[in-house]
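Spelled out, the chains give:
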Amino acid sequence: MASSSSLILQPLVLPSTTPRIAFSRLVFLPRSLSPRLRAVSLSTIAMAERTKLPHVLTVAGSDSGGGAGIQADIKACGAMGVYCSSVITAVTAQNTVGVQGVHPVPEAFIEEQLNSVLSDMEVDVVKTGMLPSPGVIKVLCDSLKRFPVKALVVDPVMVSTSGDTLSAPSTLSGYRDDLFGMADIVTPNLKEASALLGGMQLQTVSDMSLAAKSIHKFGPKNVLVKGGDLSGSSDAVDVFFDGETCYELHGSRVQTRNTHGTGCTLASCIAAELSKGSPMLEAVKAAKAFVENALHYSKSIELGSGPQGPFDHLFRLKSPPYNVAPGLKFQPDDLFLYAVTDSGMNSKWGRSMTDAVEAVIKGGATIVQLREKQMETREFIETATACMEICRLHKIPLLINDRVDVALACNADGVHVGQSDMQARTVRALLGPGKIIGVSCKTIAQAEQAWMDGADYIGCGGVFPTSTKKDNTTIGLEGLKEVCLASKLPVVAIGGIGIGNANLVLGTGVKNLKGVAVVSALFDRESVEGETKELRSVLERMLSSVSEGTVVL
Ligand SMILES: Nc1ncnc2c1ncn2[C@@H]1O[C@H](COP(=O)(O)OP(=O)(O)OP(=O)(O)O)[C@@H](O)[C@H]1O
Ligand SMILES: Cc1ncc(CO)c(N)n1
Ligand SMILES: [Mg+2]
C-alpha cells in the first residue's frame, strides 16, 4: 500500500460540541493517478471538507525560559483549542531569575513576518505582547490597516516582573496615540497602567477603576487593568471597563511563586475566546478562570532557582475530565435563594427528588443542594444525575451535600460539607479548582479556615431553631452578623428561615451576606413552586439596589 499510495493529511470535522475544531485523518490517493487528477482530487476533498480554524496571531517576544512571551501565547491558545501563528519581535535570554539579554528583530523583518501570515492565513484575532520600539508599533499599525482582522488584543508589555525593561519608554506614545485606537481591549498590569498615565499611583481597586476609565480615553473599546501585583490583596482582582460600566472581576489568589507569564497567558486566552466568537466580557472571564486554574494546578512545580517560576498551560491534558469539564462558574449571587432538598419531606408529600428540584427551580431558586441521608448510593447517583440534567437546562448550579463520590459520579457543580465531614481542602483536591465548595460554619474561626481551605462560600447558622436539625445550637441574627463581617467568603444564612422571617435576615444588610438557604419552608409544603415564588418575592423586595456604576461580580 505504502509504495502505491501517498499519505495526505486532510481536515475532518468530528461531530463534537466544538465543530469548528478540525482534526486530521489520513487519505490515501493511488500513485497511479495522473498528477492533474491527483491535484483535482485533492482540491475537491479540500473544498468539500474545508474547516475554518479559529486563528490567533501573536506578535510578541520569545522567552527562552518558555514561561511568558510567544511560548506562553502558543501554549495558551493551544489549550483553548485555537490555532496560533507567531510573529517574533525580539528574542530574549530569560529564566526564572530575570532577563539576561534582549535581541530585537529588525523592523523590516517583523514586517516581512506580518506580511507572510496576514496575507495568507485568515487570522481572526491579533494579540500583541512585547513591542520593543516605536518603529515596531508603526509597522504593526500599518500591517493591520492593510490586513484588517476581527479583533485586536493589546497587552502593553513594558517591564518584566523581575524589573527588566522589555520595551523602550519611547513606545508609550506609540501605544497611546496609534495602537490603542485600533484595539478592542488593552490589558495593562498595575505598573503599565501607571506608566501610561504619567506615573499615577495605583494602590487600591478604586485606583484601578479610575485608571481603566482614563486609559479608555486613549481610544481602545475596552480596558482591563490587571491586579495580579496588587499588594495586600487577598483575592486576585482585575477591573474591566467597557466605556460604560466598570466591573470588578474577583478570583481566588493562588499562593504560588509560579506566576511568570500570567499576563501574556491572560491576553492570549482573551484573544482565543474572541476568535471562537465569545463576547468580550465572557472572553475576559473565561481567560481569568483559565489562568486561575492553571496556577492552581502548577502550585507545586519546581523549575529554576529564581523568584518567579513558570506554570503549566497544558494541565488539562493531565487532569481527569471531571476536574476540568466546563461547569457553572460560581457567582456569589447564586446564594440568593438556596434550596436544600430533604428526602423525608418529599416522600411525605408524595413527590420525587426530581419533581422537587424542577418545582423549586420554576419557583425561582438560584442554587440547589441535594441533601440525602438515606438513599442507597446507586439510587442516589441515578437521581442526582437526573437532577443535574434539570439544573443544566435551567443553568442553575447543583451541589451535593457531603458525598464527594456522588458529586464526581454525576459531575455536579460542587459539594457542601459540614464541620465533621471531609475537610474542604481535601474536597478541593478531589474536585479540582472549577467546582463549587461550601462549608457550614458557626464561628469566625471556622469561616477563616474555610477560606484557607479554598472554599467558595460558607453556610452560616442555624440562625433560628429548626426541626431539620433538632440538636443544633442556634447563633441568632447577632451570631450571623459577626461571622459575616469577619468572613472573606460570601455567606448564605441557614436554619429555620422561611417566608415569615427571611426579611429579618436579609434586612440585616450585613457585608458578605448574599442570601438564605431554606429546607422545610419550601419542601415541607404542598406546593414547592408556589412557596418558592412567594419567598423569592419577599427576598427581592428586601434586596437593596446595586451600588451605582460599579457591578461587583
Ligand atoms: N497568584 C495569583 N492567583 C490568581 N490569579 C493571579 C495571580 N497572579 C496573577 N493573577 C491573575 O493573572 C492575570 C495577570 O495578571 P498580572 O497582574 O500578574 O499580569 P502581568 O504582571 O502582566 O503578568 P506577567 O508580567 O507575569 O506576565 C490577572 O487576571 C491576575 O488577576
Ligand atoms: C518575551 C516576554 N514577553 C512578555 C513578558 C512579560 O511577562 C516577558 N517576561 N517576556
Ligand atoms: Mg505580574
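Structure: see above.
Figured I'd write up the structure that's included with this text.

The rules behind the values
Residues numbered from 1 in each chain as written. Chains lettered and ligands numbered in written order. Predicted model: local features only at pLDDT ≥ 70, side-chain atom pairs only at ≥ 80, totals over all residues. Heavy atoms only, no water. Near = heavy atom within 4 Å. Polar contact = N/O pair within 3.5 Å; in protein donor to acceptor, adjacent residues only side chain to side chain. Areas by Shrake-Rupley, 256 points an atom, 1.4 Å probe, with all protein chains shown as cover. 1 Å grid on protein atoms, 1.4 Å probe; cavity = no way out; pocket = protein on both sides within 12 Å on 5 of 7 lines; lining within 4 Å. Sits in = over half its atoms within 2 Å of the grid points. Buried < 20%, exposed > 50% of the residue type's maximum accessible area, 1.4 Å probe, protein only. Helix = DSSP H or I, 4+ residues; strand = E, 2+ residues; numbered from the N terminus. Arc of directions from axis to C-beta. Contact = heavy atoms within 4.5 Å. Points joined across faces, edges and corners; volume = space filled by probe spheres on them. Nonpolar A, V, L, I, M, F, W, Y, C, P; charged D, E, K, R; others polar. Axes fitted to C-alpha atoms, helices over the stretch in contact; angles between N-to-C directions. Parallel < 35°, antiparallel > 145°, perpendicular 65-115°, else oblique. Left-handed = near helix turned anticlockwise from the far one by under 90°. Core = buried A, V, L, I, M, F, W, Y, C linked by side-chain atoms within 4.5 Å.

### A closer look at the site of ligand 2
Near ligand 2 the following residues occur: Gly 61, Ser 62, Ala 68, Gly 69, Gln 94, Met 130, Val 157, Ser 160, Leu 166, His 260 and Cys 264. One nitrogen or oxygen atom from the side chain of Gln 94 is found 2.7 Å from a nitrogen atom belonging to ligand 2. Within the complex, the protein chains bury 91% of what would otherwise be the 290 Å² of accessible surface of ligand 2. Spatially, ligand 2 is embedded in the second largest pocket.

### Focus: helix 2 (residues 69–79)
Listing the buried residues of helix 2 in full gives Gly 69, Ile 70, Ala 72, Asp 73, Ala 76 and Cys 77. Angular distribution of buried residues about the axis of helix 2 spans 160°; they occupy a single face of the element. Buried-residue contacts for helix 2 involve strand 3 (55–63), strand 4 (83–94), strand 6 (125–128) and helix 8 (262–275).

### Some words on empty space enclosed by the protein
The tally for this structure, following the rule as stated, stands at 1 cavity of 30 Å³ or more. For the largest cavity, the calculated volume is near 40 Å³. When the residues that make up the lining of the largest cavity are grouped by side-chain class, the tally is 1 nonpolar, 3 polar and 2 charged.

### Describing the side chain of Asp 453
Within the element layout of this structure, Asp 453 appears in the loop between helix 17 (444–452) and strand 17 (457–461). Within the structure, Asp 453 has its side chain in polar contact with the side chain of Gln 423 (distance 3.1 Å).

### Concerning the packing of helix 2 against helix 8
Relative orientation of the contacting elements helix 2 and helix 8 amounts to 40°, with a least axis distance of 8 Å. As judged from the angle between their axes, helix 2 and helix 8 are oblique. Classified by chirality, the crossing of helix 8 by helix 2 is right-handed. For the pair helix 2 and helix 8, the contacting residues are Gly 69, Ala 72, Asp 73, Ala 76 and Cys 77 in the first and Cys 264, Thr 265, Ser 268, Cys 269 and Ala 272 in the second. Classifying every residue of the contact of helix 2 with helix 8 gives 6 nonpolar, 3 polar and 1 charged.

### A look at the nonpolar core
Ranked by size, the top nonpolar core spans 74 residues in total, and within it Tyr 338, Val 360, Leu 370, Ile 400, Leu 480 and Leu 513 carry the most contacts. Apart from residues lying up to four places away in sequence, Leu 370 is in contact with Thr 341, Met 353, Val 357, Phe 380, Ala 384, Cys 387, Leu 398, Leu 399, Ile 400 and Asn 401. Grouped together as the second largest cluster of nonpolar side chains are 42 residues, Val 154, Met 158, Val 186 and Met 208 included.

### With respect to the site of ligand 1
By nearness alone, 20 residues border ligand 1, and Asn 189, Lys 226, Asp 238, Val 254 and Gly 263 come closest of all. Contact distances for ligand 1 include 3.5 Å between an oxygen atom and a backbone N or O atom of Gly 261. Take Lys 288: an N or O atom from its side chain is 3.1 Å from an oxygen atom of ligand 1. Starting from 630 Å² of accessible surface for ligand 1 in isolation, the protein chains cover 93%. The cavity where ligand 1 resides is the second largest pocket. Where the shell around ligand 1 is concerned, the elements lending two or more residues are strand 10 (235–241), helix 8 and helix 9 (280–297). The leading source of residues in the shell around ligand 1 is helix 8, at 4 residues. Residue composition of the shell around ligand 1, grouped by class: 6 nonpolar, 9 polar and 5 charged.

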